Amino acid sequence: MQERNQRLRFEQLILQHLDAAYNLARWLTHNDQDAQDMVQEACLRAFRFFPGFRGGDSRIWLLTIVRNTCYTWLQQRRLDELTTPFDEEIHDIESDTLNPEMLHLRRIDQQKIREGIESLPVEFREVIVLRELEELSYKDISIIIHVPLGTVMSRLARARKQLQRYLADQMNEEGIQ
Amino acid sequence: MNCPETQRLLHAYLDAELDMADTLEIERHLETCTACLETYNDYQAIRTAIKANSLYFQTPETLQKRVRSSIRKANQTTFISRVTSWPGISIAAALIIGVSLALLLAHSIFTPPQDTYLQQAILDGHVRSLMANHLVDVPSSNQHTVKPWFNGKLDFSPPVVDLTSQGFPLVGGRLDYLDNKEVAVIVYKRREHVINLFIWPTTQSASDEMDTTLQGYHMIRWTKAGMTYWAVSDLNQDELRTFIRLVQNSS
């Protein structure tokens, strides 16, 4: 039956990216239960859209759907991070060399870096996850989060800077120099 | 290359996204500038820490099974499962409705409730065209490029009209898939708003023009000369109506 073949093709082509889908959803929703719900819902939507899938990168295609599903969910829950409008143009990327607080990070432990990423606003968190964990190119990221290429670059820069600040502050508190 | 320029391109350099020329310039600068080099090292340390610290979450073992079985259930598009997706309908009520409808269908009095399902499918098609960076298969503002593109891809030829001078430039065309058939979509723009115009040969007798709003999007349907048209956009209703009048008068 054609429907069964469609389903098998979908499972073969799309479900191989389940790990990537779960990782992204887990970072965007902060917990395992919601992440699983998001992945399930996204896969169902992907399955409905599958007849229209024209080939190309199936991982990017699925991650786009996962990301949008999570954003819809975040909006519905009215979490602060999305009700505060995200200002892309707050200020130019400051020159790091002029920043006297720049501490040089000698030892970065796992707990701190995980907390650091979790504390980022979602627009920063997603580019860090997609770039550093999923190892996607700027181009692929721009497709998934639907912004121009230059915005991907500037968001990553600001995300890393905020992460650096967080880690430096943590070290300050612990009195480590 | 100076420090501000290096700072600006530093992240792209970290991510190997720069071309050869810029890459060499940054490397040259980093050889001579200790401040920028320290910045580079710090960011590189963060990146290394992220990768080294198993921050990639492990998928729970049960998720695969759970997703597969929900896909399998979704694949069983029986009449009953469509009816039960209407809000507030219980299974028992759905069964009663199902049986009654089956009887009515047998007498060809009743039109099956395809419309709600179809409307949602059309809206989904509109929304996903926006989100997955797949708005057009043939990008062209020229109707004489877009219309012939569909030859050999569809068993009908969709009318494509030029409304640029009226403020609705043509963006292009694409194939979409609705209700188990391939349909044509002609894509227009009005300022920043995308208008997707879905077209396919009409399978029913001509119906009245219908205007509806779903999840904030405006949708207008009409039939003309053996074709069903659906215009979908987040553009306001007045301008969308202007658009469809222009289409109706030109084709």
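All of these numbers come straight from a predicted model, not from anything done at the bench.

What counts as what
- Residues numbered from 1 in each chain as written.
- Chains lettered and ligands numbered in written order.
- Predicted model: local features only at pLDDT ≥ 70, side-chain atom pairs only at ≥ 80, totals over all residues.
- Heavy atoms only, no water.
- Helix = DSSP H or I, 4+ residues; strand = E, 2+ residues; numbered from the N terminus.
- Buried < 20%, exposed > 50% of the residue type's maximum accessible area, 1.4 Å probe, protein only.
- Contact = heavy atoms within 4.5 Å.
- Areas by Shrake-Rupley, 256 points an atom, 1.4 Å probe, with all protein chains shown as cover.
- Polar contact = N/O pair within 3.5 Å; in protein donor to acceptor, adjacent residues only side chain to side chain.
- Axes fitted to C-alpha atoms, helices over the stretch in contact; angles between N-to-C directions.
- Parallel < 35°, antiparallel > 145°, perpendicular 65-115°, else oblique.
- Nonpolar A, V, L, I, M, F, W, Y, C, P; charged D, E, K, R; others polar.
- Pairing = 2+ DSSP bridges.
- Disulfide = S-S within 2.5 Å.
- Core = buried A, V, L, I, M, F, W, Y, C linked by side-chain atoms within 4.5 Å.

J.: Before we move on, could you go through the overall build of chain B and cite the residues and values that matter?
T.: Helix and strand counts for chain B come out as 9 helices and 7 strands. For chain B, the proportion of its 251 residues judged to be buried stands at 42%. Within chain B, contacts between residues at least 6 apart in sequence are counted, and of these 56% link residues at least 24 apart. Total accessible area on chain B is roughly 12900 Å²; 54% of this is exposed by carbon and sulfur atoms.

J.: Kindly report on the overall build of chain A, identifying the contributing residues and their values.
T.: On a plain count of helices and strands, chain A comes out with 9 helices and 0 strands. Ordered by position from the N terminus, the helices and strands of chain A form the series α-α-α-α-α-α-α-α-α. Residues classed as buried in chain A amount to 55% of the 177 residues present. Put simply, of all contacts in chain A between residues at least 6 apart along the chain, 74% involve residues at least 24 apart. Summed over its atoms, the accessible surface of chain A is roughly 8400 Å², and 46% of this surface lies on carbon and sulfur atoms.

J.: How would you explain the side chain of Arg174(B) if you had to name every residue and give the values?
T.: As for its position among the elements, Arg174(B) is in strand E2 (residues 170-178). From its side chain, Arg174(B) meets the backbone oxygen of Leu135(B) in a polar contact 2.9 Å long.

J.: Kindly report on unusual backbone geometry, identifying the contributing residues and their values.
T.: Residue and element names in this part refer to chain A. Despite not being glycine, His 30 shows a phi value in the positive range, around 75°. With respect to the helices and strands, His 30 occurs in the loop between helix H2 (18-29) and helix H3 (32-49). For His 30, a relative accessible area of 32% corresponds to the partly exposed category.

J.: I'd love a proper account of the packing of helix H9 (residues 149-174) of chain A against helix H1 (residues 3-14) of chain B, names of residues and values included.
T.: Remark: H9(A) packs on H1(B), axes separated minimally by 9 Å, with the N-to-C direction vectors making an angle of 95°. In this view, H9(A) runs roughly perpendicular relative to H1(B), as classed from their interaxial angle. For the pair H9(A) and H1(B), contact is made by Met153(A), Leu156(A), Ala157(A) and Arg160(A) and by Arg8(B), Leu9(B), His11(B), Ala12(B) and Leu14(B), respectively. Residues of the contact of H9(A) with H1(B), tallied by class, amount to 6 nonpolar, 1 polar and 2 charged.

J.: Tell me about the sheet that holds E2(B), and name the residues and values.
T.: All names here are of chain B. Reading across the sheet, the 7 strands line up as E1-E2-E3-E4-E7-E6-E5 and stay open at both edges, with antiparallel pairing between neighbours. The two strands at the open ends of the sheet, each matched to only one other strand, are strand E1 (138-139) and strand E5 (210-214). The sheet contact formed by E2 and strand E3 (residues 181-190) spans 8 bridges and is antiparallel. Within E3, the residue paired with Leu 175 across the bridge is Ala 184. Strands E3, strand E4 (193-201), E5, strand E6 (217-224) and strand E7 (227-233) of the sheet are contacted by helix H9 (residues 237-250), whose axis makes an angle of about 20° with E6.

J.: Break down the state of the cysteines for me, citing the residues and quoting the values.
T.: Considering all chains together, one arrives at 0 disulfides over all chains under this definition. In this structure Cys33(B) is a free cysteine whose sulfur lies 3.7 Å from that of Cys36(B), the closest cysteine sulfur available.

J.: Describe in detail the nonpolar core, supporting the description with residues and values.
T.: Side chains of nonpolar character tend, in soluble globular proteins, to be buried together. Val39(A), Ile113(A), Ile117(A) and Ile50(B) are the most contacted members of the largest nonpolar core, which has 76 residues in total. With 10 residues, helix H4 (residues 58-76) of chain A is the largest single contributor of residues to this core. Ignoring any residue separated from it by four or fewer positions in sequence, one finds Ile113(A) in contact with Ile108(A), Leu167(A), Ile46(B), Ala49(B), Ile50(B), Asn53(B) and Leu55(B). Membership of the second largest hydrophobic core comes to 45 residues, among which are Val138(B), Trp149(B), Ile199(B) and Ile220(B).

J.: Residue-level account of the pairing of E7(B), with values.
T.: All names here are of chain B. For E7, the tally of buried residues reaches 7 of 7 residues, placing the bulk of the element in the interior. Burial of the side chains of E7 extends over both faces: Met 227, Tyr 229, Ala 231 and Ser 233 are buried on one face and Thr 228, Trp 230 and Val 232 on the other. Across 7 bridges, the pairing between E4 and E7 is antiparallel. Each bridged residue has a counterpart across the sheet, and for Trp 200 the counterpart in E7 is Thr 228. Of the pairings in the sheet, the one linking E6 to E7 comprises 7 bridges and is antiparallel in character. Bridge pairing links Met 219 to Val 232 in E7. Between E6 and the antiparallel strand that follows it, E7, lie 2 residues; Ala 225 among them carries a positive phi value of about 50°.

The analysis is restricted to geometry; functional conclusions fall outside its scope.
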